[in-house]
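Examination of the molecular architecture
If you want the building blocks of each chain, they are given just below.
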Amino acid sequence: MMKKYFRFILKSCIAFIILSVLWVFLYTWVNVPATPLMGIRKLQSKNKYTIRHQWVPLSKISKNLQLAVICSEDQRFINHNGFDKEAIEKAMAEYKSGKRLRGASTISQQTAKNVFLWPHRSWVRKGFETYFTFLIETFWSKERILEIYLNSIEMGDGIYGAEAAAQFWFNTSAAALNTDQAAAIAAILPNPIRFLANPPSAYTKKRKQWIMTQMRNYGTLVFDKK
């Protein structure tokens, strides 16, 4: 009986690994049509829930927004392998000193969570997030990770991706976002349901100014996808 149970577990694990690798590999070329969060939000909504989502290539997303999200969310994105060791160690040190445990997720980790997993925090989800982060860092380029991230993340209530966010918040395209607009969108990412990019709240204004300062200090992105 135990042998049968063990074989079932082993076969299930092997099947999961094969299917997950194929799933990630497929998205190397195929654009992500929808995410689990979109479905969850729709099921949770008591009223009619409209999803605004329009995929655009990275070349059609303003460099201002690309830089803004990197400066806001993950300034070591270009150089790390999916996990920011320094940010994790800093977060743990702050937690041990009595401060609230803050997130230290990289853009790669956030992409893995948004594209393949569910939003609610748990150690199980964190384990799967680590696994999928390793896979996307293995199979995708940094440009592809950023492209999928900017096309998939929640940027407002029912707003997913850069193009939908640019149209909704500023009545423009993702390609045309200026520095101020890009920083405003990046500023709401910690909680895009609660915060407004336009008109900005006092919190959004303060965070936007910080992001714009970081953008000036960061410089130019090292990759340029044509």
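The following paragraphs examine the structure supplied in this document. (Residues numbered from 1 in each chain as written. Predicted model: local features only at pLDDT ≥ 70, side-chain atom pairs only at ≥ 80, totals over all residues. Heavy atoms only, no water.)

1. Describing the nonpolar core
Under the convention used in this document: For the purposes of this section, nonpolar cores are sets of buried Ala, Val, Leu, Ile, Met, Phe, Trp, Tyr and Cys residues that join through side-chain atoms within 4.5 Å. Burial classification: accessible surface area is computed with a 1.4 Å probe over protein chains only, and a residue below 20% of its type maximum counts as buried, one above 50% as exposed, and the rest as partly exposed. A run of DSSP states H or I qualifies as a helix once it reaches four residues; a run of E qualifies as a strand once it reaches two. Both are numbered from the N-terminal end. The contact definition used throughout considers only heavy atoms, calling two residues in contact when any of these lie within 4.5 Å.
Ranked by internal contacts, the top residues of the largest apolar core, which has 54 residues, are Leu65, Phe116, Leu146, Leu150 and Ile185. Only α3 (63-73), α5 (107-116), α6 (123-139), α7 (142-152), α8 (162-170), α9 (179-187) and α10 (202-218) provide two or more residues apiece to this core. The residues touching Leu150, leaving out its near neighbours within four places in the chain, are Leu58, Ile61, Leu65, Gln66, Val69, Met155, Gly161 and Ala162.

2. A look at the sheet that holds strand β1 (residues 52-53)
Operational definition: Two strands form a pair only when DSSP identifies at least two bridges running between them.
With mixed pairing, the 3 strands of this open sheet are ordered in space as β1-β3-β2. Across the chains shown, the open sheet's two edge strands, defined by having one partner strand only, are β1 and β2 (154-156). Here β1 pairs with strand β3 (residues 159-160) via 2 bridges, running parallel. Within β3, the position partnered with Arg52 by the bridge is Ile159.

3. Structural notes on a positive patch on the surface
Quick note on the threshold: A patch consists of residues whose relative accessible area exceeds 30% and which take part in no salt bridge; residues with like charges are grouped when within 9 Å of each other, and nonpolar side chains (Val, Leu, Ile, Met, Phe, Trp, Tyr) when within 5 Å. Reported accessibility uses the Shrake-Rupley method at a 1.4 Å probe radius. Residues are deemed covered only where the shown protein chains occlude them. Note on definitions: salt bridges are taken to be side-chain nitrogens of Lys or Arg within 4 Å of carboxyl oxygens of Asp or Glu. Neither His nor the chain ends is counted toward charge; the positive residues are Lys and Arg and the negative residues Asp and Glu. Charged groups are reduced to one reference atom each: NZ for lysine, CZ for arginine, CG for aspartic acid, CD for glutamic acid.
Together, Lys3, Lys4, Arg7 and Lys11 line one region of the surface with positive charge. Within the element layout of this structure, Arg7 appears in helix α1 (residues 2-26). The exposure class of Arg7 is partly exposed, given its relative accessible area of 44%.

4. Let's talk about a nonpolar patch on the surface
Residues Phe6, Leu10, Ile14, Ile18, Leu19 and Leu22 make up a contiguous nonpolar surface patch of about 610 Å² in total accessible area. The partly exposed category is assigned to Leu10, whose relative accessible area is 42%.

5. Description of the packing of aromatic side chains
For clarity, the cut-off: We call Phe, Tyr and Trp rings a pair once their centres come within 6.5 Å, taking the six-membered ring for Trp, and we label the pair stacked below 30 degrees between planes, edge-to-face above 60, and tilted otherwise. For a Lys NZ or an Arg CZ to count as sitting over a ring, it must be within 6 Å of the ring centre and within 35 degrees of the ring normal.
If you walk through the whole model with that rule in mind, you get 15 aromatic pairs. Relative to Phe128, the ring of Phe16 lies with its centre 5.6 Å away and its plane at 65°, an arrangement referred to as edge-to-face. Pair noted here: Phe16 is in helix α1 and Phe128 is in helix α6, with a separation of 112 residues, a long-range link. Residues Trp23 and Phe116 carry aromatic rings whose centres are separated by 4.8 Å and whose planes lie at 85° to one another, so their mutual orientation is edge-to-face. Of this pair, Trp23 sits in helix α1 while Phe116 sits in helix α5, and the two are 93 residues apart along the sequence. Taking the relative accessible area as the measure of exposure, Trp23 reaches 35% and is therefore partly exposed. Cluster of aromatic residues (ring-pair linked, three or more members): Phe16, Trp23, Tyr27, Phe116, Trp118, Phe128, Tyr131, Phe132 and Trp140. It is Lys142 that lies over the ring of Phe77; its NZ or CZ is 4.6 Å from the centre.

6. So, the packing of α9 against α10
Put simply, the rule reads: Only C-alpha atoms enter the line fits that serve as axes; for helices the fit covers just the stretch in contact. Angles between N-to-C directions range over 0 to 180 degrees. Any angle that falls under 35 degrees is termed roughly parallel, while one over 145 is termed roughly antiparallel, one within 65 to 115 roughly perpendicular, and all others oblique. Note: crossing handedness is left-handed where the near helix turns anticlockwise from the far helix by less than a right angle, and right-handed where it turns clockwise. Polar here means any residue outside two lists: the nonpolar Ala, Val, Leu, Ile, Met, Phe, Trp, Tyr, Cys and Pro, and the charged Asp, Glu, Lys and Arg; Gly therefore counts as polar.
In contact at an axis separation of 8 Å, α9 and α10 are set at 120° when each is read in the N-to-C sense. As summarised for this structure, α9 and α10 are arranged oblique, according to the angle between their axes. As for how α9 packs across α10, the hand of that crossing is right-handed. Side by side, α9 and α10 meet where Thr179, Asp180, Ala183, Ala184, Ala186 and Ala187 of the first sit next to Tyr203, Thr204, Arg207, Lys208, Ile211, Met212 and Met215 of the second. Residues that form the contact of α9 with α10 fall into these classes: 8 nonpolar, 2 polar and 3 charged.

7. Observations concerning α6
Basically, it comes down to this: Take the residue count of a helix, subtract one, and multiply by 1.5 Å to get its expected span.
With 17 residues, α6 should cover 24 Å at 1.5 Å per step; its first-to-last C-alpha distance of 25 Å lies within 8% of that length. Listing the buried residues of α6 in full gives Arg125, Glu129, Phe132, Thr133, Leu135, Ile136 and Glu137. In this structure, the buried side of α6 is in contact with α1, α5 and α7.

8. Some details on the packing of α8 against α9
Taken N-terminus to C-terminus, the directions of α8 and α9 make an angle of 105°; their axes are 11 Å apart at the nearest point. As summarised for this structure, α8 and α9 are arranged roughly perpendicular, according to the angle between their axes. Packed against α8, whose contacting residues are Ala165, Ala166, Trp169 and Phe170, the element α9 presents Gln181, Ala184 and Ile185 at the interface. In the contact of α8 with α9, the residues fall into 6 nonpolar, 1 polar and no charged.

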